[in-house]
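# Fold and geometry: a report
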Amino acid sequence: MWRADVFTLFPAMFPGPLGLSLSGEGLAKGIWSLEPHDIRDHGLGRHRAVDDTPAGGGAGMVMRADVMAASLDAVLAPDDMRPRLLTSPRGKPLTQGRVRELVAGPGVVVVCTRFEGLDERVIEARGLEEVSIGDYILSGGEIAAITLLDACVRLLPGIMGKALSGEDESFEGGLLEYPHYTRPRDFEGRAIPEVLVNGDHKKIAAWREAEALRITEERRPDLRRR
Ligand code: SAH
């Protein structure tokens, strides 16, 4: 079983959308597991404080290293080899390649933070690897964690049917995907491209490749260069 442990101040956000559709069926079948852990269980004092003002001054609050360490240490065995990911806009951007690597391993630990972020010292001391889901700021790491887990779980063996191996998709071959069509044959005067309805599989494959190249060149020239 591929195991995900998530550390969060909002455990009620999990499984959330991951409890439905493919990922939800996978959870029910025991293909993967998802355990949310409430960081506040290790908060300090009567108010179970998890954050404090930033050293050096400035706006906002910073999540405390000691509270986060206690939360992680209460759950993770020292020999747990899973990558410990910290959702962070400063992280390495998540890619389909990294998702494939994560899926090939035993699972993941995902730490979600709020406020300005997490004290740097616990990032170092517990070997957290910062991962970003894009160049914009969310209000917390939970939606980033759900995004990351969704991308992983759909690739686990037994989640998608064989026909939908996912290998044909955008990014998998370094290109964006070609356009899709289905019935009706005529939609408001727009026809399905002729090549797709003639049944010549060689020509169809060539057309799809050319379209994938064209769309990638148009929309993501950076992918073409890689
Ligand atoms: N002060 C931080 C932003 C904090 S946003 C900065 O400027 O870098 C609050 C939390 O939301 C972050 O700690 C992180 O856990 C999560 N988060 C926000 N944007 C994210 C993104 N693009 N990818 C992953 N996690 C993100």
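Refer to the structure printed above.
About the thresholds
- As a convention, each chain's residues are numbered from 1 in the sequence order in which they are written.
- Only residues with pLDDT of at least 70 get local features here, since the model is predicted, and only at 80 or more are side-chain atom pairs given and counted; chain-wide, interface and lining totals rely on the full set of residues.
- Side-chain numbers here rest on the full set of heavy atoms in the structure, without hydrogens or water.
- In this description a helix means any DSSP run of H or I spanning at least four residues, a strand means any run of E spanning at least two, and both kinds are numbered starting from the N terminus.
- Here the expected length of a helix is defined as 1.5 Å per residue gap, with one fewer gap than residues.
- Buried means the residue's accessible area, taken with a 1.4 Å probe over protein chains only, is under 20% of the maximum for its type, while exposed means over 50%, and partly exposed covers the values in between.
- For salt bridges, the criterion is a side-chain nitrogen of Lys or Arg within 4 Å of an Asp or Glu carboxyl oxygen.
- Each patch is assembled from residues with relative accessible area greater than 30% and no salt bridge, linking like charges that lie within 9 Å and nonpolar side chains (Val, Leu, Ile, Met, Phe, Trp, Tyr) that lie within 5 Å.
- Throughout, the Shrake-Rupley method with a 1.4 Å probe supplies accessible areas, and for residues the shown protein chains are the sole cover considered.
- Here, proximity means that at least one heavy atom of the residue falls within 4 Å of the molecule or strand.
- N or O atoms within 3.5 Å of each other form a polar contact, as long as, within protein, one can give a hydrogen and the other can take it, and as long as residues adjacent in sequence are counted only when both atoms are side-chain atoms.
- Any residue that is not Ala, Val, Leu, Ile, Met, Phe, Trp, Tyr, Cys, Pro, Asp, Glu, Lys or Arg is counted as polar, Gly included; the first ten are nonpolar and the last four charged.

### Details of helix 5 (residues 142–153)
Here helix 5 spans 16 Å end to end across 12 residues, near enough to the 16 Å set by a 1.5 Å rise per residue. The element helix 5 is largely enclosed, with a buried count of 9 among its 12 residues. All buried positions along helix 5 are accounted for by Glu 142, Ala 144, Ala 145, Ile 146, Leu 148, Leu 149, Ala 151, Cys 152 and Val 153.

### Quick notes on the pattern of salt bridges
Counted under the stated rule, the structure contains 17 salt bridges. We note a salt bridge from Arg 82 to Asp 80, for which the minimum N-O separation is 2.7 Å. Across the salt bridge formed by Arg 90 and Glu 120, the nearest N and O atoms sit 3.1 Å from each other. Separated by 30 residues along the polypeptide, Arg 90 in strand 5 (residues 84–93) and Glu 120 in helix 4 (residues 120–125) bring together distant segments of the chain. Residue classification places Glu 120 among the partly exposed positions, given a relative accessible area of 36%.

### Side note on a nonpolar patch on the surface
Together, Tyr 136, Leu 138 and Ile 143 line one region of the surface with nonpolar side chains, adding up to about 290 Å² of accessible area. Structurally, Tyr 136 is set in the loop between strand 7 (129–132) and helix 5.

### Examining the site of the ligand
What surrounds the ligand is a group of 18 residues, the closest being Thr 87, Thr 113, Glu 116, Gly 134 and Tyr 136. Interatomic distance of 3.2 Å between a backbone N/O atom of Ser 88 and a nitrogen atom of the ligand. When the ligand sits alone it has 560 Å² of accessible area, and the protein chains cover 85% of it. Looking at the shell around the ligand, the elements with two or more residues in it are strand 5 and strand 7. By residue number, the principal contributor to the shell around the ligand is strand 5, which donates 3 residues. For the shell around the ligand, the per-class residue count stands at 8 nonpolar, 9 polar and 1 charged.

Take it as geometry only, folks, not as evidence of what the structure does.
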